[in-house]
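Observations on the model geometry
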Amino acid sequence: MNWEPLLLTFKLAAVTTAILALVSIPLAYWLSHSKSKLKPVIETLVSMPLVLPPTVLGFYFLIAFSPNNAFGNWLNEWLGIKLVFSFGGLVIASILYSLPFMVHPIQSGFSSLPKSLTEAAYVMGKSKLVTLQKVLLPNIKTSLLTGIVLAFAHTIGEFGVVLMIGGSIPGKTKVASIAIYDEVEALNYDTANYYSLILFIITFSILLIVYLINGGYLKRFWK
Amino acid sequence: MIQLDIHKTLKAVNGNMDLQLNLEVQKGQLVTLYGDSGAGKTSTLRMLSGLLKPDSGYIKVNDTVWFDSETKINLSPQQRNIGYVFQDYALFPNMTVRQNLEFALQSNQDNTIIPDIIDIIEIGELQHRSPNTLSGGQKQRVALARALVQQPKLLLLDEPLAALDINIRLKLQDYILKVRREYDLTTILISHDISEIIKLSDVVFVIEEGRIIKRGTPEEVFIGTNISNDLKLVGEVLKIENKGSEYTITALVQANIITIPINASEAEKLKTGDKIVITPKEFHSKIHKVN
C-alpha cells in the first residue's frame, strides 16, 4: 500500500487548520461583536460551504485560478503562483471549505461570554488585544478546541473541492479520499479498504477525544 | 468633584426613553442613585465609565473633561481610571482570586497594594480559589477588592448587594464604609434598599424615567425632615395593634422583629407594609413614615 495519499491528507489538514485558526479568531471576534450592516452578508458567506455542493466551490476556483483567466494569469505572471492542480490551491480551497467549522464554534464561544468580562477589563485600562489574549480566549478554550478539531476532521473528509481544483496528481494533490475513489474505479477493493479503514479509525479517535475533553470525562478519570 | 450634564435616548422595551441628567458629586461623597429598574441608573454609570456614549452634554471630573459633545472629547474607559463593580461581578473565571486582583494592576504600578486590599476586605483565605467555587457574598467581596487595585478616584457600584441575603448584605455594607474611609473614594452606588441607602450614603438622587425628580440627604428624600438622632432604625411595619388607648407597632428591622408603643396620631398614618424610620428616644420612640 502507498502511504503518500494519507500523509498528504494530514499535511493538507494540518496546514489548513493552522491558517484557519489565524483567520478565524479575528473573524469570529468581529462577528460576535460587530453591529455592522455588513455582518449578515459576511455571516452568510462564511456559512455557504455548509450547504453549497463542494463541486460548485471547486468549479469557481478552477475558473478563477486558471491561467487562461485574468486573475489566474496575474497570479501566475506576477507572483509565480500556480493554484490550479497544486498543493497551494488545495490549501486555499480547503480554508474556504472548512471556514464555517472553525468560525462557528469560536463565534458562539465569544457570544456566550458575558459582556461584563470585556467591560471589566476595559475599565481596568486593558487594551482590546490584552483583553482578547488574557480574558476572552482562555475562557473559550473548549470552543477553540472544537473549532480546530472540526476543521481538521472536515478537511480530511473533503472530496469534491479537491477533485475539481487539484485533480489526482500523486504526491501533489492525490489525497486519501481521492485515492480511495481511484482504487475503487480500478477495482482494487483491498487497497480502498485499507485507506478507508485508516481514515475511519483516525477521524473516530479525533472526535472521541474532543467529546471526552469537552465533557470533562478525562478530568474526572484522572482525579 | 464630578459635574455631569448628559442627554441620551435609550431604546427601552416600550419605546424610547430620554435620559436627561444633571448632577454634581463632591469629592469623597457617597452618592446613591435610587429608582425603578429601567429608570436609567445603570446607563448613567455606564456613561460615566465610558462604556456608553451620551448623545450630548459633558462629564467633568476634577476639572478634567471626560466627555464633551461640543469639543468632541470622549475618553475611553481605559483612560478614565474607574473602579467598577458590575451587577454580575464579572470575575474572570480563568484566573484565581489573586490573579484577578493582579490583572487589575496598572502597567507601572507595584504590587504591594494587593496584600493591603486582601487584608482590608479579608479575602486572604480565598486568594487561591477559582471564582466559580465562591459564594455570592464572597464573589462580591472579591469584585470590590479588584475594583480597588487600580486606586481609582471614582468607585461605581451597580446594585452590588441586591442578590445577597440580609446578614451578608449588612457585612458588605460595613466593607463599603471601611473602604471609603481607607481610600477617601468618591463613590456612586445604585441601590433599591432604603435602609442600606440611609446607612451608607450622603446624598441620594431619585431617578424616574430618565430624570432626577428628587435630590438631598437620605432623610430629606425619604422622610421629608432631617433627623438629628444618631440611632436610626429602618424597617417595615408588620402589625399595628390597638389595646384600649394604647397602640403598639411590630416592625421588621433588618433581621429583627421589634415591638414598640406609639402614639394614636402616629398609628393613624401607618398601615401594614409601610417603610418607617424609628428613632428611639428616652421615653417614647418616634416613627417617621418613609415616602
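Residues numbered from 1 in each chain as written. Chains lettered and ligands numbered in written order. Predicted model: local features only at pLDDT ≥ 70, side-chain atom pairs only at ≥ 80, totals over all residues.

Focus on the overall build of chain A
Assigned secondary structure in chain A consists of 12 helices and 0 strands. Along chain A, helices and strands appear, N-terminal first, in the series α-α-α-α-α-α-α-α-α-α-α-α. With the C-alpha coordinates of chain A rotated into their principal frame, the extents come out at 65 × 55 × 30 Å. If you take every contact in chain A between residues at least 6 apart in sequence, the share linking residues at least 24 apart comes to 74%. (Helix = DSSP H or I, 4+ residues; strand = E, 2+ residues; numbered from the N terminus. Contact = placed C-beta atoms within 7 Å.)

Concerning the interface of chain B and chain A
Opposite the 17 residues of chain B that make contact, chain A presents 15 residues. In the side of chain B that touches chain A, the residues fall into 10 nonpolar, 6 polar and 1 charged. (Nonpolar A, V, L, I, M, F, W, Y, C, P; charged D, E, K, R; others polar.)

Quick word on the environment of B:V142
Residue and element names in this part refer to chain B. Tracing the sequence through the fold places V142 in helix α5 (residues 136–149). Taking the number of C-beta atoms within 10 Å as the measure of exposure, V142 has 26 and is therefore buried. Considering only alpha carbons, one finds V142 and E122, 20 residues apart in sequence, at a separation of 9.4 Å. (Buried ≥ 20, exposed ≤ 12 C-beta atoms within 10 Å, placed from the backbone.)

Re the domain arrangement of chain B
How big an interface is tends to be stated in terms of the accessible area lost upon association of its parts. Residue and element names in this part refer to chain B. When its domains are assigned, chain B resolves into domain 1 (2–222) and domain 2 (233–289). Look at where the C-alpha atoms of domain 1 and domain 2 centre, and you get two points 34 Å apart. Facing the 6 residues of domain 1 at the interface are 4 residues of domain 2. Only α6 (166–183) and α7 (194–200) provide two or more residues apiece to the side of domain 1 that touches domain 2. (Domains from an automatic or database assignment.)

A look at the pairing of strand β13 (residues 246–253) of chain B
Residues and elements named next belong to chain B. Relative to β13, strand β12 (residues 233–243) is paired through 8 bridges, and the arrangement is antiparallel. By the bridge assignment, E236 is partnered in β13 with L252. Counting the residues that bridge the hairpin from β12 to β13 gives 2 residues, and of these G244 lies at a positive phi of roughly 65°. Pairing between β13 and strand β14 (residues 256–262): 7 bridges, direction antiparallel. Paired with V253 across the two strands is N256, which belongs to β14. Counting the residues between successive antiparallel strands, the hairpin from β13 to β14 contains 2 residues, one of them, Q254, with a positive phi of roughly 50°. (Pairing = 2+ DSSP bridges.)

Digging into the packing of helix α3 (residues 54–65) of chain A against helix α5 (residues 87–112) of chain A
How two helices sit against one another is set out by the angle between their axes and by the gap between those axes. Residues and elements named next belong to chain A. At a closest axis distance of 11 Å, the pairing of α3 and α5 adopts a crossing angle of 140°. In terms of their interaxial angle, α3 and α5 are classed as oblique. Considering how the two elements wind past one another, α3 and α5 form a crossing that is right-handed. Each of P54, L57, G58, F61 and F65 in α3 lies in contact with α5, whose residues at this interface are G89, A93, L96 and Y97. Partitioning the contact of α3 with α5 into residue classes produces 7 nonpolar, 2 polar and no charged. (Axes fitted to C-alpha atoms, helices over the stretch in contact; angles between N-to-C directions. Parallel < 35°, antiparallel > 145°, perpendicular 65-115°, else oblique. Left-handed = near helix turned anticlockwise from the far one by under 90°.)

Topic: the environment of A:D190
All names here are of chain A. Tracing the chain through its elements places D190 in helix α11 (residues 189–214). Given 9 C-beta atoms within a 10 Å radius, D190 is considered exposed. C-alpha of D190 to C-alpha of M1: the two residues are 189 residues apart in sequence and 9.4 Å apart in space.

Considerations on the confidence of the model for chain B
Residues and elements named next belong to chain B. Confidence in the prediction of chain B, expressed as mean pLDDT, is 86, and 97% of residues score 70 or more. When the elements of chain B are averaged for pLDDT, strand β16 (residues 286–289) gives the smallest value, 77, and helix α3 (residues 97–103) the largest, 95. For this predicted complex, the interface confidence score (ipTM) comes to 0.80, while the overall pTM stands at 0.81. (pLDDT = per-residue confidence, 0-100.)

A word on the sheet that holds β14(B)
Strand pairing in a sheet relies on backbone hydrogen bonds. The paired strands run either parallel or antiparallel. Residue and element names in this part refer to chain B. Taken in spatial order, the 5 strands line up as β14-β13-β12-β15-β16 in an open sheet, and their pairing is antiparallel. Each having just a single partner strand, β14 and β16 make up the two edges of the open sheet. For this sheet, the mean inter-axis angle between neighbouring strands, taken without regard to orientation, is 45°.

Things to note about unusual backbone geometry
Excluding glycine, most residues fall at negative phi; most peptide bonds, likewise, are trans. Although it is not a glycine, A:F85 sits at a positive phi angle of roughly 55°. Secondary-structure assignment places A:F85 in the loop between α4 (70–79) and α5. Positive phi values are uncommon outside glycine, yet B:N62 reaches one of about 45°. Mapped onto the secondary structure, B:N62 falls in the loop between β4 (56–61) and β5 (64–68).

Description of the environment of B:T187
Residues and elements named next belong to chain B. Mapped onto the fold, T187 is located in strand β9 (residues 186–190). Sequence-wise, T187 and R146 are 41 residues apart; in three dimensions their C-alpha atoms are separated by 15 Å. Not counting residues up to four positions away in its chain, the partners in contact with T187 are L30, L155, L157 and R180.

Let's talk about the pairing of β12(B)
Strand residues, when the strand is regular, have side chains that alternate between the two faces of the sheet. Pairing geometry for β12(B) and strand β15 (residues 275–279) of chain B, over 4 bridges, is antiparallel. Paired with B:L233 across the bridge in β15(B) is B:I278.

Comments concerning the packing of helix α6 (residues 115–123) of chain A against helix α7 (residues 128–136) of chain A
Residue and element names in this part refer to chain A. For the pair α6 and α7, interaxial distance at closest approach is 10 Å and the crossing angle is 125°. As the angle between them shows, α6 and α7 are arranged oblique. The interaxial crossing formed by α6 with α7 has right-handed handedness. In this structure, α6 uses L117, T118, A121 and Y122 to contact α7, whose residues at the interface are T131, V135 and L136. A class-by-class count of the residues in the contact of α6 with α7 yields 5 nonpolar, 2 polar and no charged.

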